Amino acid sequence: MRKLPNLVWLRSFESAAQHLSFTDAAQELGMTQTAVSLHVRSLEAELGCKLFTRAARRLTLTEMGKAYAYSLRQALGDMAISTASLFGTETEQVLTVRVPMSTAGLWLAHRLPEFAERHPGISVRMVSNIWAGTEAPENVDVELRFGSGGWDGGEVRRISQERLVPVRAAGSGFLSPEALRQGPLVQILGFEDMLLRYLNAHGCMPLQEAARFAVDTTVAALDIVAAGGGYAVVVERFARMAMETGKAISIAGDPVPIDQAHYLVSVPARASSEAAKQLFEAWLEEVFA
């Protein structure tokens, strides 16, 4: 396989092919005309093929040059799109936010357009995790967690008050605590205490055999409930947003307050993202209030 030519040579050729002028290409690339011409000649020597026909004050592409310019323009465009999507453009601020998976899918994703409207110069790259308390990667600017707030390392700031509600398939009425207790139940792994807390608030204890399914996210639990697979106890804000966005579930009981909440966890910000981080965290406190 042929070795990929020098990228600077390729960029010089692509620009010269677009303008049909070494002078105009040099102006676009911030080089001298001599440098662009030398890069193109080096590329032709590397490929063993003439790409331009040179005449006095006139530059034209050979047939091979036309074909190569077309393919190269597409390749460079794909590179530009990939770079911008992963790292942002030079004029925008890119903020990486780590959020619990269920919070991301059932709440924050539906609210992010509001932030974009207020701050069009800030792009948000949202990554999610299932379990709270796992260490944030170094490139995370904002860390949001759900739990009791007792994590090691870094300061935490509570930004929400949460309540639990039972849910069932849409079109059905309220469940008595005893009916909920009997199941069938959809348990959320890592948050089995939600069912316990809800039933305890009504003087009941769950039955071990009542759990039909166990899943690791609230998203999956609500999908099973919507399909008629059983009942679940979930965070009220998740249930209400799911209903607002068309999920076929209904709230089947009165809410019960819990001491678990959403917290902002202190992570060191990159200097380039400090202002955007402050704006985003203030917005989070607003929408979770």
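Preceding block: the structure.
Presented here is a report on the structure given in the accompanying data block. Quantities reported herein were computed from a predicted structural model and do not represent experimental measurements.

**Points about the pattern of salt bridges**
Once their charged atoms are close, side chains differing in charge can pair, the charge on each being opposite to the other. Tallied over the entire structure, the rule returns 19 salt bridges. In this structure, Glu 14 engages Arg 73 in a salt bridge whose closest nitrogen and oxygen atoms are separated by 3.1 Å. You can see Glu 14 sitting in helix 1 (residues 7-19) and its partner Arg 73 sitting in helix 4 (residues 63-87), a full 59 residues away along the chain. For Glu 14, a relative accessible area of 5% corresponds to the buried category. Through salt bridges with shared partners, a single ionic network connects Arg 11, Glu 14, Glu 28 and Arg 73.

**Describing the environment of Val 165**
With respect to the helices and strands, the residue Val 165 is situated in strand 7 (residues 163-169). Assessed through its relative accessible area of 0%, Val 165 is described here as buried. Sequence spacing of Val 165 and Leu 195 is 30 residues, and the spatial spacing of their C-alpha atoms is 9.3 Å.

**Topic: the packing of aromatic side chains**
Counted according to the given criterion, the structure contains 8 aromatic pairs. Taking the centre distance of 5.7 Å and the plane angle of 80 degrees together, the rings of Phe 22 and Phe 52 count as edge-to-face. Of this pair, Phe 22 sits in helix 2 (residues 22-29) while Phe 52 is found in strand 1 (residues 52-55), placing the two residues 30 residues apart along the sequence. The exposure class of Phe 52 is buried, given its relative accessible area of 0%. Taken together, a centroid distance of 5.4 Å and an interplanar angle of 55 degrees make the contact between Phe 115 and Trp 283 tilted. Taken together, the residues Phe 115 in helix 5 (residues 101-118) and Trp 283 in helix 10 (residues 274-288) connect sequence positions 168 residues apart.

**A few points about the sheet that holds strand 6 (residues 156-158)**
Within the open sheet, the 5 strands sit side by side as 4-3-5-13-6. Their pairing is mixed. Where the open sheet ends on each side, the last strands, each with one partner, are strand 4 (122-129) and strand 6. Put simply, the sheet's adjacent strands are angled 25 degrees from each other on average, direction ignored. Bridging between strand 5 (residues 142-147) and strand 13 (residues 261-265) involves 5 bridges; their strand directions are antiparallel. Note that in strand 13 the partner of Phe 146 across the bridge is His 262.

**Overview of helix 8 (residues 218-226)**
Side chains of residues three or four places apart in an α-helix project in the same direction, reflecting 3.6 residues per turn. Within helix 8 the residues assigned to the buried category are Thr 218, Ala 221, Leu 222, Ile 224 and Val 225. The arc that holds the buried residues of helix 8, viewed along the axis, is 160 degrees, so those residues lie on one side.

**Topic: unusual backbone geometry**
Geometrically, the link from Gly 183 to Pro 184 is a cis peptide bond, its omega value of 10 degrees lying close to zero. Position of Pro 184 relative to the elements: it lies in the loop between helix 6 (177-182) and strand 8 (185-188). Despite not being glycine, Leu 20 shows a phi value in the positive range, around 50 degrees. Note on placement: Leu 20 falls in the loop between helix 1 and helix 2.

**Here we look at helix 7 (residues 193-200)**
Along helix 7, the positions that sit buried rather than exposed are Met 194, Leu 195, Tyr 198 and Leu 199. End-on, the buried residues of helix 7 take up no more than an arc of 125 degrees, which puts them together on one face. Buried positions along helix 7 lie against strand 5, strand 7, helix 6, strand 8, strand 10 (232-235) and strand 12 (256-257).

**Concerning the environment of Leu 4**
Tracing the chain through its elements places Leu 4 in the segment before helix 1. Expressed as a C-alpha distance, the spacing of Leu 4 and Glu 46, which sit 42 residues apart in the sequence, is 9.6 Å.

**Notes on the nonpolar core**
Formed by 53 residues in total, the largest nonpolar core has its most connected members in Val 167, Leu 180, Phe 280 and Leu 284. Setting aside anything within four residues of it in sequence, one finds Leu 180 in contact with Pro 166, Leu 175, Leu 185, Leu 195, Tyr 198, Leu 199, Tyr 231 and Val 233. Formed by 17 residues, the second largest nonpolar core is a distinct cluster that contains Phe 13, Leu 59, Ala 69 and Leu 76.

What counts and what doesn't
Residues numbered from 1 in each chain as written. Predicted model: local features only at pLDDT ≥ 70, side-chain atom pairs only at ≥ 80, totals over all residues. Heavy atoms only, no water. Salt bridge = Lys/Arg side-chain N within 4 Å of Asp/Glu carboxyl O. Helix = DSSP H or I, 4+ residues; strand = E, 2+ residues; numbered from the N terminus. Buried < 20%, exposed > 50% of the residue type's maximum accessible area, 1.4 Å probe, protein only. Phe/Tyr/Trp six-rings, centres within 6.5 Å; stacked < 30°, edge-to-face > 60°. Pairing = 2+ DSSP bridges. Axes fitted to C-alpha atoms, helices over the stretch in contact; angles between N-to-C directions. Arc of directions from axis to C-beta. Contact = heavy atoms within 4.5 Å. Core = buried A, V, L, I, M, F, W, Y, C linked by side-chain atoms within 4.5 Å.

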